[in-house]
Amino acid sequence: MRPRLPPLNALKAFEAAARHESFTRAAEELCVTQGAVSHQVKALEAELAIKLFNRERQRLIITEAGKDYLTIVRDALDRIAIGTERLLQRQNAGVLTVSTSPDFAAKWLVHRLGHFAEAHSGIDLRVSATLHHVDFAREEVDLAVRHGEGNWPGLDTVKLSAEQLFAVCSPKLLSGRRRLSKPADILNYPLVHMDSRTDWSRWLQAAGVNDTNIIHGPVLNRASMVIDAAINGQGIALARTTLAAWDLINGRLVRPFPEALRLSKT
């Protein structure tokens, strides 16, 4: 457990009284009565069981113990003030820090940064591409985009897009002697796999292609690598809606067949 701390108002009253050597001037600074400051200081002395001031002929004399404690209290209050000012400057500067996965950043977000800058010229956007789940209490991140089912306790979540998994390939594979005319033709090409070969088994079964050998083709561990391999004509890949969207819109990828697997994660 965190050690018990004295009340902040009492510490402020003590620091102001020590700086002014007067309860009256401390009260004027803090916009309270002289009696309130005196009461706060007395309560602090009682809680600490230490005398912080001597009262001599209407003068306020800080004790040696008070001087030692003042150094600590002043440093703590200064740190709080500096931290608060930095926080307010960051908020007022319009900084927006977004954390995304590397794949989402590379295949979706970076292509749209120009449009965002035009629409929100006053926002200083910072993008952090990382895989770990953000600890908003400890990291300077305003929002995070992650692929999942949205069940993250303690966080407000917004579903951005439903997703499907479908076959994609270079437009070059739709022409020529080995062109794709039916789902089974996919087996004439290398299949680019993500992590394992289970997704291709599920997609081919959904497309009515059974008893297939899908061992051929590389297994990659990043979705962006899988998509780029398909763009470069190295095989046919399965891609998620959001990650393939930009390349589909711009004609670098095509969907040879409409069959798709619905995904629970979004």
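Residues numbered from 1 in each chain as written. Predicted model: local features only at pLDDT ≥ 70, side-chain atom pairs only at ≥ 80, totals over all residues. Heavy atoms only, no water.

**Q** Is there a simple way to think about the overall build of the protein chain in this case?
**A** Helix and strand content of the protein chain: 9 helices and 10 strands. A compact globule built from 266 residues should have a C-alpha radius of gyration of about 18 Å, whereas the protein chain, at 32 Å, is more than 25% larger. Looking at the 266 residues of the protein chain, the share that counts as buried comes to 35%. Of the contacts made within the protein chain by residues no fewer than 6 positions apart, 68% connect residues no fewer than 24 positions apart. As presented, the protein chain carries roughly 16700 Å² of accessible surface, and 52% of it is formed by carbon and sulfur atoms. Seen as two clouds, the 34 positive and the 29 negative side-chain charges of the protein chain have centres 4 Å apart. (Helix = DSSP H or I, 4+ residues; strand = E, 2+ residues; numbered from the N terminus. Rg over C-alpha atoms; globule rule 2.2 N^0.38 Å. Buried < 20%, exposed > 50% of the residue type's maximum accessible area, 1.4 Å probe, protein only. Contact = heavy atoms within 4.5 Å. Areas by Shrake-Rupley, 256 points an atom, 1.4 Å probe, with all protein chains shown as cover. Lys, Arg positive; Asp, Glu negative; His and termini not counted. Charge placed at Lys NZ, Arg CZ, Asp CG, Glu CD.)

**Q** Is there a simple way to think about the packing of helix α2 (residues 23-30) against helix α3 (residues 34-48) in this case?
**A** A pair of packed helices is captured by two measures, namely the crossing angle of their axes and the spacing between those axes. In the contact formed by α2 and α3, the axes pass within 8 Å of each other and the chain directions differ by 105 degrees. Compared by their axis directions, α2 and α3 come out roughly perpendicular. Here Phe23, Thr24, Ala26, Ala27 and Leu30 of α2 come into contact with α3, specifically with Gln34, Val37, Ser38 and Val41. Residue composition of the contact of α2 with α3, by class: 6 nonpolar, 3 polar and no charged. (Axes fitted to C-alpha atoms, helices over the stretch in contact; angles between N-to-C directions. Parallel < 35°, antiparallel > 145°, perpendicular 65-115°, else oblique. Nonpolar A, V, L, I, M, F, W, Y, C, P; charged D, E, K, R; others polar.)

**Q** Please clarify how helix α8 (residues 223-231) should be interpreted in this entry.
**A** Helical geometry note: an α-helix holds 3.6 residues per turn, so side chains three or four residues apart project in the same direction. Along α8, 7 of the 9 residues are buried, which leaves the element largely enclosed by surrounding structure. Listed in full, the buried residues belonging to α8 are Ala223, Ser224, Val226, Ile227, Ala229, Ala230 and Ile231. At its buried positions, α8 is contacted by α5 (102-109), β6 (164-168), β7 (191-194), β8 (219-220), β9 (236-240) and α9 (241-249). The first or second residue beyond α8 is Gly233, which carries a positive phi of 75 degrees.

**Q** So what exactly am I meant to see when it comes to a nonpolar patch on the surface here?
**A** A cluster of nonpolar residues, Val110, Leu113 and Val127, forms a patch on the protein surface that exposes about 200 Å² of accessible area. Within the secondary structure, Val110 sits in the loop between α5 and α6 (113-119). (Patch = residues over 30% accessible without salt bridge, like charges linked within 9 Å, V, L, I, M, F, W, Y side chains within 5 Å. Salt bridge = Lys/Arg side-chain N within 4 Å of Asp/Glu carboxyl O.)

**Q** Looking at this structure, how should I read the nonpolar core?
**A** General note: in soluble globular proteins, nonpolar side chains tend to be found buried as a group. Counting residues in each nonpolar core, the largest one holds 21 residues, and the members touching the most others are Phe14, Val37, Leu44, Phe53 and Tyr69. Only α1 (8-20), α2, α3, β2 (59-62) and α4 (64-92) provide two or more residues apiece to this core. A per-element tally of this core places α1 first, with 7 residues. With near-sequence residues (within four places) excluded, Phe14 lies in contact with Val41, Leu44, Leu52, Phe53, Ile62, Gly66, Tyr69, Leu70 and Val73. Formed by 19 residues, the second largest nonpolar core is a distinct cluster that contains Leu220, Ala230, Ile231 and Ala244. (Core = buried A, V, L, I, M, F, W, Y, C linked by side-chain atoms within 4.5 Å.)

**Q** Looking at this structure, I do not really get the sheet that holds β8. What am I missing?
**A** Whenever strands of a sheet pair, they do so through backbone hydrogen bonds, lying parallel or antiparallel. Ordered in space as β8-β7-β9-β6-β10, the 5 strands form an open sheet in which the pairing is mixed. Unpaired on one side and paired on the other, β8 and β10 (260-262) mark the two borders of the sheet. Summarising the sheet, β7 and β9 pair through 2 bridges and their orientation is parallel. By the bridge assignment for β9, Val192 is matched with Ala237. (Pairing = 2+ DSSP bridges.)

**Q** Just to check I follow, could you spell out the pairing of β7 for this structure?
**A** Here 2 bridges tie β7 to β8, and the two strands are oriented parallel to one another. The residue bridging Met194 from the neighbouring strand is Leu220, located in β8.

**Q** Help me understand the packing of aromatic side chains in this model?
**A** Counted according to the given criterion, the structure contains 5 aromatic pairs. Between the aromatic rings of Phe104 and Trp108, the centroid separation amounts to 5.1 Å while the plane-to-plane angle is 15 degrees, which identifies the pairing as stacked. Here Phe104 pairs with Trp108, and both are found in helix α5, just 4 residues apart, close to one helical turn. Three or more aromatic residues joined by ring pairs make a cluster, and in this case those are Phe14, Phe23, Phe53 and Tyr69. Positioned above the aromatic ring of Trp108, the side-chain terminus of Arg112 is 4.2 Å from the ring centre. (Phe/Tyr/Trp six-rings, centres within 6.5 Å; stacked < 30°, edge-to-face > 60°. Lys NZ or Arg CZ within 6 Å of the ring centre and 35° of its normal.)

**Q** Whenever I open this one, the packing of α1 against α2 confuses me. Can you help?
**A** Where α1 contacts α2, the two axes come as close as 8 Å, and the packing angle between them is 125 degrees. Overall, the two elements α1 and α2 adopt an arrangement that is oblique. Handedness of the α1/α2 crossing: right-handed. When α1 is examined against α2, the residues Lys12, Ala13, Ala16, Ala17, Arg19 and His20 are found in contact with a partner set consisting of Phe23, Arg25, Ala26, Glu29 and Leu30. Among the residues making up the contact of α1 with α2, the classes are represented as 6 nonpolar, 1 polar and 4 charged. (Left-handed = near helix turned anticlockwise from the far one by under 90°.)

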